[in-house]
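Tertiary structure, described
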Amino acid sequence: MLEDFLNAVQNFKRNRLRTFLSLLGVIIGVASVIVIMSMGASSTREIQATFGSSGLNMVSIGSGFMRGRRAVVSITFNESFREHIFDAIAGIKKVWYKNAFSVTAAYGDMSASAQATAIETGYLETYGLALDAGDYFSVTDNVYGTQKLILGSDVATTLFPNGDAVGKYVTLVADAVSFSFRVIGVLKEQPSGMESATNGIYVPRGFYEKKIMPNPAADTVMVQAVSPARAAALVTEIESYCKEYSGSEYAVRVQSMQSMIDQMSDIMTAMSVMLSAIAAISLLVGGIGIMNIMIVTVTERKQEIGIRKALGATPAAIRQQFLIESASITVTGGMAGIALGLIVSVAVEYVRSIPYVVSWQSCVISFVFSAIVGIFFGLSPASRAAKLDPVAALSDE
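Residues numbered from 1 in each chain as written. Predicted model: local features only at pLDDT ≥ 70, side-chain atom pairs only at ≥ 80, totals over all residues. Heavy atoms only, no water.

A look at the overall build of the protein
Of the regular secondary structure elements, the protein holds 13 helices and 12 strands. Per-residue burial over the protein gives 44% buried out of 397 residues. Taking as baseline every contact in the protein between residues at least 6 positions apart, the subset at least 24 positions apart corresponds to 78%. (Helix = DSSP H or I, 4+ residues; strand = E, 2+ residues; numbered from the N terminus. Buried < 20%, exposed > 50% of the residue type's maximum accessible area, 1.4 Å probe, protein only. Contact = heavy atoms within 4.5 Å.)

Written out as structure tokens, the structure is:
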């Protein structure tokens, strides 16, 4: 086999242009598969980084939505619902209520439109949103409905471009009514999943109950699971419980950040596989080109084949010679394609400014597939060479 490989290399050197053209289809096919799979893996990693690790043990429950032209039965998220769901489903650590309302925040000449969220004490800490400065809400803030707020990093930068927002008083305008709030904290800029650490404004839910909406039902229920692994199972269990509780399949919308990440990752993986399958077609096209080249090679080397057969070479030895030559082309093209694919992937992801992830699985699959293509498409020319009659081959001009 080593001798056949060395002979193949010598033949490549004698026909450099032909060999390069044969390699080109394989190189492009392998490189395309690696670029697509690597970009897919990098995009999946970017999605996970965007959501971060905060809130992976949280499940969100929202009100139901329209079904066709009919409004479905929805659940009122009051204290009774909180007690029932906590008792009915195992694996729940705590149930948080929150309400959202649109506001305009102003400080001096600076203003910003934002979404304000009324939360219960301890929610931000539980969710994993860290403070860049200041303090979280206390139990007293929630009980008495104090007019204090915590700003997301972008809102704080807009209102206080020079920094030092903590301790300042900000005016919030909600439904044409103005309220003065003291800033007690600013959130760090960080991946935050379903909560906004950048554009959000947080106030005590006690304030919302006393000044905005007396005894309100919650807009959204956040269920804290005992662990991130338990959160995925909670989604299905909460959906079943709420269906039984309300009698409607569409009474609530339930989702967890982990399920959202998993769904997007699955979509990215499916797209990468589909695009890689399309890119792999160029490998097959390259394989057809290699078969044509090998047929031409067999025709050109009939006398060589005849001499070898006359000297005692068996059909199996002739077949092996041309199979090794065909496989050598595709394996070489596969290695060159892997190198090209990695270089292009690094360049593209450097331009996109996202972390580079090498899809080693795609490298291995592409390399093995290229070798199989070489053997498969080289089999017919090799068999043709093995079947040549030595007398006819030697007499051919």
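Back to the text.
Some words on the packing of aromatic side chains
Scanning the model with the defined rule gives 9 aromatic pairs in all. Relative to Tyr245, the ring of Phe81 lies with its centre 5.5 Å away and its plane at 80°, an arrangement referred to as edge-to-face. Of this pair, Phe81 sits in helix 3 (residues 79-88) while Tyr245 is found in helix 8 (residues 228-246), placing the two residues 164 residues apart along the sequence. Residue classification places Tyr245 among the partly exposed residues on the basis of a relative accessible area of 35%. Ring plane angle 40° and centroid distance 5.6 Å describe the contact between Tyr241 and Tyr245, whose orientation is recorded as tilted. Of this pair, Tyr241 and Tyr245 both sit in helix 8, separated by 4 residues, roughly a single helical turn. On the accessibility criterion, Tyr241 (15% relative accessible area) is buried. These aromatic residues form a ring-pair network of at least three members: Phe77, Phe81, Tyr241 and Tyr245. Directly above the aromatic system of Tyr97 lies the positively charged group of Arg82, at a separation of 4.0 Å from the ring centroid. (Phe/Tyr/Trp six-rings, centres within 6.5 Å; stacked < 30°, edge-to-face > 60°. Lys NZ or Arg CZ within 6 Å of the ring centre and 35° of its normal.)

Concerning the confidence of the model for the protein
Across the protein, the average pLDDT comes to 81, with 88% of residues at 70 or higher. Per-residue pLDDT, averaged within each element of the protein, yields its smallest value for strand 3 (residues 70-71) (50) and its largest for strand 7 (residues 148-151) (95). (pLDDT = per-residue confidence, 0-100.)

Some thoughts on the packing of helix 9 (residues 257-300) against helix 12 (residues 360-386)
Look at helix 9 against helix 12: their axes get within 9 Å of each other, and the N-to-C directions meet at 25°. In terms of orientation, helix 9 lies roughly parallel with respect to helix 12. The handedness of the crossing between helix 9 and helix 12 comes out as right-handed. In contact with Ala280, Leu283, Leu284, Gly287, Ile288, Met291, Met294, Ile295, Val298 and Thr299 of helix 9, helix 12 contributes Phe369, Val373, Phe377, Ser380, Pro381, Arg384 and Ala385. Residues of the contact of helix 9 with helix 12, tallied by class, amount to 13 nonpolar, 3 polar and 1 charged. (Axes fitted to C-alpha atoms, helices over the stretch in contact; angles between N-to-C directions. Parallel < 35°, antiparallel > 145°, perpendicular 65-115°, else oblique. Left-handed = near helix turned anticlockwise from the far one by under 90°. Nonpolar A, V, L, I, M, F, W, Y, C, P; charged D, E, K, R; others polar.)

A short note on unusual backbone geometry
The general pattern is negative phi for most residues beyond glycine and trans for most peptide bonds. Backbone geometry at Asp164 places phi at a positive 60°, although glycine is not the residue there. Tracing the sequence through the fold places Asp164 in the loop between helix 6 (153-159) and strand 8 (169-174). Given a relative accessible area of 59%, Asp164 falls into the exposed group. We note that Ala176 has phi near 65°; this positive angle belongs to a residue other than glycine. Topologically, Ala176 is positioned in the loop between strand 8 and strand 9 (177-187).

Considerations on the nonpolar core
Core analysis: the biggest nonpolar cluster contains 25 residues, and Phe101, Leu149, Leu151, Leu172, Ile201 and Val203 have the highest contact counts within it. Listing elements by their share of this core, those giving two or more residues are strand 4 (92-107), strand 5 (110-119), strand 7, helix 6, strand 8, strand 9, strand 10 (200-204) and helix 7 (205-212). Apart from the residues within four sequence positions on either side, Leu172 is in contact with Val103, Thr104, Ala105, Leu149, Val177, Ser178, Phe179, Phe181, Ile201 and Val203. Residues Ala218, Val223, Val235 and Val252 belong to the second largest nonpolar core, which totals 23 residues. (Core = buried A, V, L, I, M, F, W, Y, C linked by side-chain atoms within 4.5 Å.)

Section: helix 7
Among all positions in helix 7, only Arg205, Gly206, Phe207 and Tyr208 are buried. Of the surrounding secondary structure, the elements contacted by the buried residues of helix 7 are strand 4, strand 5, helix 5 (139-144), strand 9 and strand 10.

Some points on the environment of Phe81
Using a relative accessible area of 0% as the deciding quantity, one classes Phe81 as buried. Residue contacts for Phe81: discarding those within four places in its chain leaves Ile75, Thr76, Tyr97, Val221, Tyr241, Cys242 and Tyr245.

Regarding the packing of helix 11 (residues 315-352) against helix 12
Here helix 11 crosses helix 12 at 150°, and the two axes come no closer than 7 Å. One element, helix 11, and the other, helix 12, form an angle in the roughly antiparallel class. Crossing hand, helix 11 versus helix 12: right-handed. For the contact of helix 11 with helix 12, a count of residues per class yields 18 nonpolar, 7 polar and 1 charged.

Considerations on the environment of Ile324
Relative to the elements of secondary structure, Ile324 occurs in helix 11. Ile324 sits in the buried class, given a relative accessible area of 13%. Each C-alpha atom of the pair Ile324 and Leu379 lies 9.9 Å from the other, and the pair is 55 residues apart in sequence.

Some details on the pairing of strand 9
In terms of strand pairing, strand 6 (residues 131-134) meets strand 9 through 3 bridges, oriented antiparallel. Bridging from a neighbouring strand, Leu131 pairs with Leu187 of strand 9. As defined by bridge partners, strand 7 adjoins strand 9 across 4 bridges and the pair is classed as parallel. Across the sheet, the residue bridging to Leu149 is Val183, located in strand 9. As paired elements, strand 8 and strand 9 share 6 bridges and run antiparallel to each other. The partner of Leu172 across the bridge, within strand 9, is Phe179. Where strand 8 folds back on strand 9, the antiparallel hairpin that results is connected by 2 residues, among which Asp175 adopts a positive phi of roughly 55°. (Pairing = 2+ DSSP bridges.)

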